Amino acid sequence: MGTTNGRTLYRNPKSGKIAGVCSGIADYFNFETWLVRVLAVSIFLLGGTGVVFVIYIALWMILDVKPHALEYDEQHKDIEVKKKVWQAGEPAKRALFDVSRQFNGLEARLQRLEKHVTSDSFDLKREINSL
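Reading the values: the criteria
- Every chain's residues receive numbers from 1 upward, in the order its sequence appears when written.
- Totals for whole chains, interfaces and linings use every residue, but because this is a predicted model, local features are given only for residues with pLDDT of at least 70 and side-chain atom pairs only at 80 or more, for both listing and counting.
- To obtain the side-chain values, all non-hydrogen atoms of the structure were used and water was disregarded.
- UniProt positions are given in the numbering used here, feature names are shortened, and annotations may be inferred rather than shown by experiment.
- Runs of H or I in DSSP of at least four residues are treated as helices and runs of E of at least two as strands, each being numbered from the N terminus.
- The rule is simple: take the accessible area with a 1.4 Å probe, protein chains only, and divide by the maximum for that residue type; under 20% is buried, over 50% is exposed, in between is partly exposed.
- Charged residues are defined here as Lys and Arg on the positive side and Asp and Glu on the negative side; His and the ends of the chain fall outside this count.
- Within this document, salt bridges are pairs made up of a side-chain nitrogen of Lys or Arg and a carboxyl oxygen of Asp or Glu, the two lying within 4 Å of each other.
- Note on contacts: a residue pair is in contact if any heavy atoms of the two residues lie within 4.5 Å.
- Axis definition: a line fitted to C-alpha atoms, over the contacting stretch in the case of helices. Angles run 0 to 180 degrees between N-to-C directions.
- Angle categories: roughly parallel below 35 degrees, roughly antiparallel above 145, roughly perpendicular from 65 to 115, and oblique for all the rest.
- Each residue gets one of three labels, nonpolar for Ala, Val, Leu, Ile, Met, Phe, Trp, Tyr, Cys and Pro, charged for Asp, Glu, Lys and Arg, and polar for the others, Gly among them.

An unreviewed UniProt entry annotates the protein chain as Envelope stress response membrane protein PspC of Shewanella metallivivens. Looking at the protein chain in UniProt, the text filed under Subcellular location (unreviewed entry) is "Cell membrane".

And the structure:
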């Protein structure tokens, strides 16, 4: 579909409730998915019954399903902190907790590596391999 700033509008059925249209719109505009759903249901209930229904069905038919490669990239991207309640991302406290957990894991791996490299068995293996 259309692109702006290198982004493409897709349906995201894996994180959607019906066809993933609201989830795709939320991803595209960097909004929380629940907010897009509430807005769609509100318009539907407040008199836009036919319009919202027709637009939803049309987008369901027109939009491509989000490729698996893009889903994988999003899962392994940097931590994104949301600045506004309606934006997608993590709250600041959660992001800080995740970063702290990642650093603790890296520190533990580094300590194990240092312990191995400074051990007598490492020196012995290196001497045997050099013979």
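The discussion continues.
> Teacher, can you tell me more about the side chain of R11 here?
The topology assignment puts R11 in the loop between β2 (7-8) and α1 (21-29). Of the side chains bearing the opposite charge, D64 lies closest to the buried R11, which forms no salt bridge; the N-O distance is 7.4 Å. Sequence-distant contacts of R11, defined by excluding residues within four places in its chain, comprise A19, G20, V21, L59, W60, L63, D64, V65 and K66.

> Would you mind showing me how to read the packing of α1 against helix α3 (residues 49-62) here?
Axes are the key here: two packed helices are described by the angle between their axes and the distance separating the axes. Viewed as axis vectors pointing N to C, α1 and α3 meet at an angle of 80 degrees, and their least axial separation amounts to 10 Å. Taken together, the axis directions place α1 and α3 in an arrangement best described as roughly perpendicular. Residues V21, C22 and I25 of α1 lie in contact with α3, whose contacting residues are Y56, L59 and W60. For the contact of α1 with α3, the class distribution of residues is six nonpolar, no polar and no charged.

> Sorry, what's going on with the pattern of salt bridges here?
Once their charged atoms are close, side chains differing in charge can pair, the charge on each being opposite to the other. Scanning all chains against the criterion turns up two salt bridges. In this structure, the salt-bridge partner of R126 is D123, at a minimum N-O distance of 3.7 Å. Linking R126 with D123, this pair stays in helix α6 (residues 120-130), spanning three residues, or about one helical turn. The exposure class of R126 is partly exposed, given its relative accessible area of 49%.

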